[in-house]
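What the coordinates show
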Amino acid sequence: MTDWTALTRSPGRRQSRSINAENPTGAPGQAATAASALGPSRKGRPAISLEPGGTATLADIDGPGVIRHIWMTVPDKTSAGPWVLRDLVLRIWWDGEEEPAVAVPLGDFFCNGFGQRTLVTSVPIVVAPTGGMNSYFPMPFRSHARIEVTSEHPGTIGGIYYQIDYTVDDVLDADTVRFHVHWRRSNASTAPGEDHVILDGVVGSGNYVGTYIGLTALERYWWGEGEVKFYLDDDDAYPTQCSTGLEDYAGGAWAFQDALRNDPPPVPLTFSSPYCGYPFYSAEDTTRASPFATSTLQSHGMYRWHLPDPVIFHQRLRITLQQIGAWDHGHFERSDDISTVAYWYQLPGGSNDLPPLPSREFRRPR
């Protein structure tokens, strides 16, 4: 999605800018103006904080332009609770539209679901030690871009660091698409045989570019036989594209473990790579928010980027995930706790009908 060859050409009218707490507007010659105990322009305002219910406008930019990199780090817990990454909500608006094109829990956007940190090393998303969250998705806009973070956390969140690197005065073609992100959850709310909906209600033309999936297994045995199905344009009963299983979709095979065996118990193997990964596995509570037993249900986080192989749609797009398990006696229908993030680019002018992001109590991790 990034034209690296542009680096070998004249920049033309384009200008580079950067927004962070040291330069909240990105204005030329206005970075690092705040003073500290060390003196003028010596790390005077590196971060911001948010009170419960508060919203911070991270960027308010006139276009045309392209957001090229977002970096953030936040605490993963406060004295009020552990779920900061799920309680902070990232929203992005393009070109004066009323509804945000991006509405997602902050951690999930960076493939850190379940309100927990994990390292991710991929092309568009990188989460580095310790909690340095990076997005390299290019995000073009023609007239305006606004990025906000809202806190639904019950306590004050201090130490919210961020940087948004972008260019302005870009030459954008008439067919330039806009970046979109949508979060959904099926929290044991589907009947056996009912698929989890990753995305539905998208009407228009564009390219689907990736999925993050966080699954907490609510039943015994293997949880990942379900296929990801892509219903494109006029598809009705059957999709045009589908995977052969969930771990296959995320680039793995044979259950993300060192061997298929009963004795000794198999060992889950996490991995992270440019376009696919299974970076998170946990069966233990690490929040230290309770004095009771620390074992938990198994949680699994995985991603798949369709950057070399975008899923192209011209009229509409619907994506679902089957919930199918397996054991020694065959396949069976399941109903697990699944949360997903859908990433896609779409031409302006569509009429997407997407449900709003659920409130905090419906996003609480298991």
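Procedures and definitions
- Along each chain, numbering runs from 1 in the same order as the chain's sequence is written.
- The predicted origin of the model limits local features to residues at a pLDDT of at least 70 and limits the giving and counting of side-chain atom pairs to 80 or more, whereas totals for whole chains, interfaces and linings rest on all residues.
- Computation of side-chain values: all heavy atoms of the structure, hydrogens and water removed.
- Working definition: helices are DSSP H or I runs of at least four residues, strands are E runs of at least two. Numbering for both runs from the N terminus.
- For every residue, the accessible area obtained with a 1.4 Å probe (protein chains only) is divided by the maximum for its type, and the residue is called buried under 20%, exposed over 50%, and partly exposed between those limits.
- All accessible-area figures derive from a Shrake-Rupley calculation using a 1.4 Å probe, and residue coverage is judged against the displayed protein chains alone.
- We define a salt bridge as a side-chain nitrogen of Lys or Arg found within 4 Å of a carboxyl oxygen belonging to Asp or Glu.
- For two strands to be treated as a pair, DSSP must find at least two bridges joining them.
- Here a residue-residue contact requires only that any non-hydrogen atoms of the pair lie within 4.5 Å.
- Throughout, nonpolar core names a set of buried Ala, Val, Leu, Ile, Met, Phe, Trp, Tyr and Cys residues whose side chains join them through atoms within 4.5 Å.

**A word on the overall build of the protein chain**
Regarding its fold elements, the protein chain presents 4 helices and 25 strands. In terms of overall dimensions, the protein chain has C-alpha extents of about 70 × 55 × 35 Å along its principal axes. Going through the 366 residues of the protein chain one by one, you find that 49% of them count as buried. Accessible surface, the protein chain: about 17,100 Å² in total, of which carbon and sulfur atoms supply 52%.

**Description of the pattern of salt bridges**
Evaluation of the coordinates by the stated rule reveals 15 salt bridges. Among the salt bridges present, the one from Asp200 reaches Arg318, with a minimum N-O distance of 3.3 Å. Of this pair, Asp200 sits in strand β14 (residues 196–203) while Arg318 is found in strand β22 (residues 316–321), placing the two residues 118 residues apart along the sequence. Residue class for Arg318 comes out partly exposed when judged on its relative accessible area of 31%. The network of salt bridges with common partners includes Arg14, Arg68 and Asp170.

**Describing the pairing of strand β5 (residues 88–94)**
For a regular strand, side-chain orientation follows a simple rule: the groups alternate between the two sheet faces. The buried fraction of β5 is high, at 6 of 7 residues. Pairing between β5 and strand β11 (residues 144–151): 7 bridges, direction antiparallel. Bridge pairing links Trp94 to Ala145 in β11. Pairing between β5 and strand β6 (residues 102–105): 4 bridges, direction antiparallel. Considered in β6, the bridge of Leu90 is made with Val104.

**Comments concerning the environment of Gly201**
Mapped onto the elements, Gly201 comes out in strand β14. Counting along the chain gives 154 residues from Gly201 to Pro355, while the straight-line C-alpha distance between them is 8.8 Å. Leave out the neighbours within four places in its chain, and Gly201 touches Leu317, Ser351, Asn352, Asp353 and Leu354.

**Topic: the nonpolar core**
Counting residues in each nonpolar core, the largest one holds 57 residues, and the members touching the most others are Ile67, Met72, Phe109, Phe137, Phe179 and Tyr343. It is strand β12 (residues 157–168) that contributes the most residues to this core, 6 residues altogether. Once you skip the residues sitting within four places of it in the chain, Phe109 turns out to touch Leu90, Val104, Ile125, Ser135, Met139, Phe179, Val181 and Tyr343. Counting residues in each nonpolar core, the second largest holds 28 residues, with Leu199, Trp222, Phe230 and Phe256 among its members.

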